[in-house]
Amino acid sequence: MNIDSIRQKILELSEKFREKYYTLIATERDRRALILGVSVITLIVLYLVFHSYSSGIDSLQKRSVQLQKQLGEVKALKAEYEDSNKKIVELSSKIKKENEALISVVEKILLNEKLDRTNFSIRDVNSRSNSDEDFYEEKSVDVELNKISLNTFVDIMYKLQNKPSLKVSNLNISTKFDKANSMKVKMRVSTYEFKQVS
């Protein structure tokens, strides 16, 4: 095929198209119908484009609102975590680990009250490490006091309870009716050590 024949075919096709076009719009009414049809098709296309664009924007706005809500929740959780962490640090600084063993601390308190060594015994209870979920470790000793007066006992309890790192539990007091100033006391003294927060 040469260029002249291709040119000839293009001219023929364009002439046929022109004839069909003029046949379609031969009257004023046909012209109006064609313009109206093209306008409707254009409007439908524009509506579809606009609708898909606006629905995309709507979904993006909804997603943005969801993400902002989740961000607010994360910020609240972060603030709660920081507050809890701060409280644990404060408690850890208040409950300082004794440099001495718990037995030695309790023994010093008892000796400062002028108790005879034969009138008390202190027995170490194995360190109790709670579950991994707990944030503290408990160490305890069992203390037995014999032949002590009520005043001495009150002083000992005051000193034990006023040490921020000590707690007295399992208190058992027995007295004899005729010997009110000679009490027998059993108790457990515990200390709590906060684990390191990671």
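Heads up: the structure comes first, above all this text.
Residues numbered from 1 in each chain as written. Predicted model: local features only at pLDDT ≥ 70, side-chain atom pairs only at ≥ 80, totals over all residues. Heavy atoms only, no water.

Trainee: Which residues make up the overall build of the protein, and what are the values?
Mentor: Helix and strand counts for the protein stand at four helices and four strands. Across the 198 residues of the protein, 18% fall into the buried class. Across the protein, every contact between residues at least 6 apart in sequence was considered, and the portion connecting residues at least 24 apart equals 63%. (Helix = DSSP H or I, 4+ residues; strand = E, 2+ residues; numbered from the N terminus. Buried < 20%, exposed > 50% of the residue type's maximum accessible area, 1.4 Å probe, protein only. Contact = heavy atoms within 4.5 Å.)

Trainee: Can you explain the layout of surface pockets? Please cite residues and give values.
Mentor: By volume, the second largest pocket is sized at about 160 Å³. Lining the second largest pocket, in full, are N146, K147, S174, T175, K176, K179, S182, M183 and K184. Put simply, the parts of the chain that give the lining of the second largest pocket at least two residues each are β2 (136-148), β3 (166-176) and β4 (179-194). Residue contributions to the lining of the second largest pocket peak at four residues, all from β4. Residue classes in the lining of the second largest pocket are distributed as one nonpolar, four polar and four charged. (1 Å grid on protein atoms, 1.4 Å probe; cavity = no way out; pocket = protein on both sides within 12 Å on 5 of 7 lines; lining within 4 Å. Points joined across faces, edges and corners; volume = space filled by probe spheres on them. Nonpolar A, V, L, I, M, F, W, Y, C, P; charged D, E, K, R; others polar.)

Trainee: Account for helix α3 (residues 102-112), naming residues and giving values.
Mentor: Within the sequence span of α3, burial applies to L102, V105, V106, I109 and L110. The buried side chains of α3 occupy one side of the element, clustering within an arc of 130° when seen end-on. The positive-phi residue at the C-terminal boundary of α3 is K114, with phi of around 60°. (Arc of directions from axis to C-beta.)

Trainee: Outline the side chain of D142, supporting the account with residue identities and numerical values.
Mentor: Positionally, D142 belongs in strand β2. When its relative accessible area of 18% is taken as the criterion, D142 is described as buried. In this structure the side chain of D142 is engaged in a polar contact, spanning 2.8 Å, whose partner is the side chain of R188. (Polar contact = N/O pair within 3.5 Å; in protein donor to acceptor, adjacent residues only side chain to side chain.)

Trainee: Quick rundown of a nonpolar patch on the surface? Include the residues and the values.
Mentor: Together, L36, V40, I44, Y47 and L48 give the surface a local cluster of nonpolar side chains, amounting to about 510 Å² of exposed area. With respect to the element layout, I44 can be found in helix α2 (residues 28-94). (Patch = residues over 30% accessible without salt bridge, like charges linked within 9 Å, V, L, I, M, F, W, Y side chains within 5 Å. Areas by Shrake-Rupley, 256 points an atom, 1.4 Å probe, with all protein chains shown as cover. Salt bridge = Lys/Arg side-chain N within 4 Å of Asp/Glu carboxyl O.)

Trainee: Requested: an account of helix α4 (residues 150-161), with residues and values cited.
Mentor: An ideal rise of 1.5 Å per residue puts 16 Å on 12 residues; α4 measures up with 16 Å between its terminal C-alpha atoms. Restricting attention to buried positions, one finds in α4 the residues T152, F153, I156, M157 and L160. Each buried residue of α4 lies within a common arc of 135° when the element is viewed along its axis, so the set occupies one face. Exposed residues pointing more than 90 degrees away from the buried face of α4 are listed as N151 and Y158. (Expected span 1.5 Å × (residues − 1).)

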